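Given next are the chains, with one letter for each unit.
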Amino acid sequence: MSKRVLIVDDEPRYRELYASALSTLSVEITHAGTAEEALEAIGRQVPDLVVSDVRMPGASGIELLERVRAAHESLPFLLVTAHADVREAVSALKLGAVDYLAKPVNLDELLACVRDGLGDWQRGGLDDPPPEVTEGMIAESPVMRALLREAWCIARGEVNVLLMGESGTGKEVMARFIHRSSERAGGPFVAVNCAALPASLLNSELFGHEKGAFTGAVSARKGRFREAKGGTLFLDEIGDMPLELQPVFLRALEQRSITPVGATGETSVDFRLVAATNRSLEEDVQEGLFRADLFYRLNVVALELPPLRERREDIIPLARHFLTEAGGRSKRIARATAALLTGYDWPGNIRELENAMERAHLLTRTEVILPESLPATLRRAVASAEHAPEDDGAFRTLQASEIDSLKRALEQTGGNRTHAAKLLGITRRGLLKKIKRFEL
Ligand SMILES: Nc1ncnc2c1ncn2[C@@H]1O[C@H](COP(=O)(O)OP(=O)(O)OP(=O)(O)O)[C@@H](O)[C@H]1O
Ligand SMILES: [Mg+2]
């Protein structure tokens, strides 16, 4: 059953705008033009989330929140305020609004807030993707299974997706999964590694060029944007896109048209964008290395691939999978080997595990993979971790100072999590996780 969102605003066009921003979520939307109408609607059927304007003729959004709270203690309530109302909104947070958004509303931010507000449903109630699209993807851990459900759900829309995660966590695999799960599955999947090309080449690589556009351009070139027509364009290492190319790129995303190098007119393009990065783009934005407007455009939906050490349930199934791929289907992983594999932190993530299993297969003539066939660095790392003295003290002080800065940021921003996350230079999702973990 899809979730219900009630949108309350006296301006019909704002209601339409918010509803359209939420169209990628499969939610059922009800509209109300006044607080009174909203109360009536809630009386008929309690929604799963309310988005309400503050200033409205009749009772305000704050009054509505108070009335709603009296009867529904935990119904997620989002307030949309004009800038002048921010103070009022802060007090609203004390009344139990989950967050507020300042006008003009950033629609990506609205979408993120609503997704967070409906969080439990997003994790629990989504459908599992069918086996034919997950084939070859190992996901046994609860976090990965939830992530696949989420990816499967958003794949069917057209929104830009930003994949984040350490090196080797499976970002490209996820990008291909999104493509396969989308309505563009029949079209091409075009991957470009932004880090592998100098700025001068990236331009013509992406946008193409006309014959004779520059010395050496002996023939015309289509460029990756046009090659991805009807399909998915995967921009890997997007954080390495040169700053000078970013405005043109942003324009292409917004206008859905490009100008090939040396061409006089524009050409329209048609692709779904999936971008990936292994560094914090938010930090890059703060340091002026990445354009904020481009970041928000890319970050409509962000999916974070957790490192392998945070989903240890996947380690052995992945190890078996790679052993089979390497031609060792019949080989068994000894218990002691499995213990080493699950105990190791895998800084190189899945790719490192893949290499380790290929190597172990080659080094093993018998039917059992023994610990000796694993790299010595791995065996040493696990052994020293097992014998390390318990140094909880240092960890706890570190945690205390982290909690301190979280609290300060939340205070400074009057409890607005989006702004607090920005202040801390972490993602909103990351902040929400920390709030939960430290029970703030
Ligand atoms: N869920 C999975 N099941 C099976 N194999 C996987 C899975 N995820 C990743 N892999 C394998 O792990 C390796 C690394 O994955 P991938 O190249 O997608 O990582 P990445 O995050 O793009 O890494 P990098 O940041 O280094 O580019 C690949 O060989 C891929 O096939
Ligand atoms: Mg990659």
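What counts and what doesn't
- Residues numbered from 1 in each chain as written.
- Chains lettered and ligands numbered in written order.
- Predicted model: local features only at pLDDT ≥ 70, side-chain atom pairs only at ≥ 80, totals over all residues.
- Buried ≥ 20, exposed ≤ 12 C-beta atoms within 10 Å, placed from the backbone.
- Helix = DSSP H or I, 4+ residues; strand = E, 2+ residues; numbered from the N terminus.
- Arc of directions from axis to C-beta.
- Contact = placed C-beta atoms within 7 Å.
- Core = buried A, V, L, I, M, F, W, Y, C linked by C-beta atoms within 7 Å.
- Pairing = 2+ DSSP bridges.
- Axes fitted to C-alpha atoms, helices over the stretch in contact; angles between N-to-C directions.
- pLDDT = per-residue confidence, 0-100.
- Parallel < 35°, antiparallel > 145°, perpendicular 65-115°, else oblique.
- Left-handed = near helix turned anticlockwise from the far one by under 90°.
- Nonpolar A, V, L, I, M, F, W, Y, C, P; charged D, E, K, R; others polar.
- Near = placed C-beta within 6 Å.
- Domains from an automatic or database assignment.

Engineer: Describe in detail helix α15 (residues 315-325), supporting the description with residues and values.
Structural biologist: A turn of α-helix holds 3.6 residues, and therefore any two residues three or four places apart point the same way. Within α15 the residues assigned to the buried category are Ile315, Leu318, Ala319, Phe322 and Leu323. Down the axis of α15, the smallest arc covering the buried residues is 135 degrees, so these residues share one side. On the buried face of α15, the contacting elements are β13 (332-333), α16 (335-343) and α17 (349-363). Among the residues trailing α15, Gly327 stands out with phi positive, at a value near 100 degrees.

Engineer: Explain the nonpolar core to me, using residue names and the numbers behind them.
Structural biologist: Ranked by size, the top nonpolar core spans 49 residues in total, and within it Ala151, Leu163 and Ala275 carry the most contacts. Sort the elements by how many residues they give to this core and helix α8 (residues 142-155) lands first, with seven residues. The contacts of Ala151, once residues within four sequence positions are left out, are Met174, Phe177, Ile178 and Leu303. The next biggest cluster of nonpolar side chains, apart from the first, holds 34 residues, and it includes Ala38, Val51, Leu78 and Cys113.

Engineer: Requested: an account of the sheet that holds strand β7 (residues 189-193), with residues and values cited.
Structural biologist: Reading across the sheet, the five strands line up as β7-β8-β11-β6-β12 and stay open at both edges, with parallel pairing between neighbours. Looking at which strands have only one partner, the edges of the open sheet turn out to be β7 and β12 (301-304). Shown here is a sheet whose adjacent strand axes are inclined to one another by a mean of 20 degrees, direction ignored. Two strands pair when backbone bridges link them, and β7 and strand β8 (residues 231-236) are joined in this way by five bridges, in the parallel orientation. From the neighbouring strand, Val190 faces β8, where its bridge partner is Leu233.

Engineer: Tell me about the sheet that holds strand β3 (residues 49-53), and name the residues and values.
Structural biologist: In a beta sheet, neighbouring strands are held together by backbone hydrogen bonds and run either parallel or antiparallel to one another. The parallel open sheet is built from five strands, whose spatial order is β2-β1-β3-β4-β5. Sheet topology places β2 (27-32) and β5 (99-102) at the edges, where each strand pairs with a single neighbour. Neighbouring strand axes in the sheet, compared pairwise and without regard to direction, differ in orientation by 20 degrees on average.

Engineer: Tell me about the confidence of the model for the protein, residues and numbers included.
Structural biologist: Within the protein, residue pLDDT values average 87, and 94% of them lie at 70 or more. A low-confidence stretch, residues 121-125 stays under pLDDT 50, and its non-local contacts, those more than four residues away or across chains, total five contacts.

Engineer: How would you sum up the packing of α15 against α17? Please name residues and give values.
Structural biologist: Look at α15 against α17: their axes get within 9 Å of each other, and the N-to-C directions meet at 50 degrees. Taken as axis vectors, α15 and α17 run oblique relative to one another. In this structure, the crossing between α15 and α17 has a hand that is right-handed. Counted together, Ile315, Leu318, Ala319, Phe322 and Leu323 of α15 and Ile350, Leu353, Glu354, Met357, Glu358 and His361 of α17 form the full contact between these two elements. Residue composition of the contact of α15 with α17, by class: eight nonpolar, one polar and two charged.

Engineer: Describe the site of ligand 1, with residues and values.
Structural biologist: In the region of ligand 1, 17 residues are neighbours, and Ser167, Gly170, Lys171, Glu172 and Ile350 sit closest. Among the residues forming the shell around ligand 1, the class breakdown is six nonpolar, seven polar and four charged. Each of domain 2 (131-306) and domain 3 (312-387) accounts for three or more of the residues forming the shell around ligand 1.

Engineer: Lay out unusual backbone geometry with the relevant residues and their values.
Structural biologist: The omega angle of the peptide bond from Lys103 to Pro104 is -5 degrees, so this bond is cis rather than trans. Topologically, Pro104 is positioned in the loop between β5 and α5 (107-117). Unlike most non-glycine residues, Glu237 shows phi in positive territory, near 55 degrees. Mapped onto the elements, Glu237 comes out in the loop between β8 and α12 (246-255). Since 19 C-beta atoms lie within 10 Å of it, Glu237 is described here as partly exposed.

Engineer: Requested: an account of the domain arrangement of the protein, with residues and values cited.
Structural biologist: According to the domain assignment, the protein consists of domain 1 (3-115), domain 2 (131-306), domain 3 (312-387) and domain 4 (392-437). Centre-to-centre separation of domain 2 and domain 3, based on C-alpha positions: 33 Å. For the side of domain 2 that touches domain 3, the class distribution of residues is three nonpolar, five polar and two charged.

Engineer: Quick one: what's the story with the packing of α8 against helix α9 (residues 171-181), residue by residue and with numbers?
Structural biologist: At their nearest, the axes of α8 and α9 sit 8 Å apart, and the two run at 45 degrees to each other. Judged on the interaxial angle alone, α9 and α8 are oblique. Of the two elements, α8 crosses α9, and the hand of that crossing is right-handed. Residues Ala151, Trp152 and Ala155 of α8 lie in contact with α9, whose contacting residues are Met174, Phe177, Ile178 and Ser181. Taken together, the residues of the contact of α8 with α9 break down into six nonpolar, one polar and no charged.

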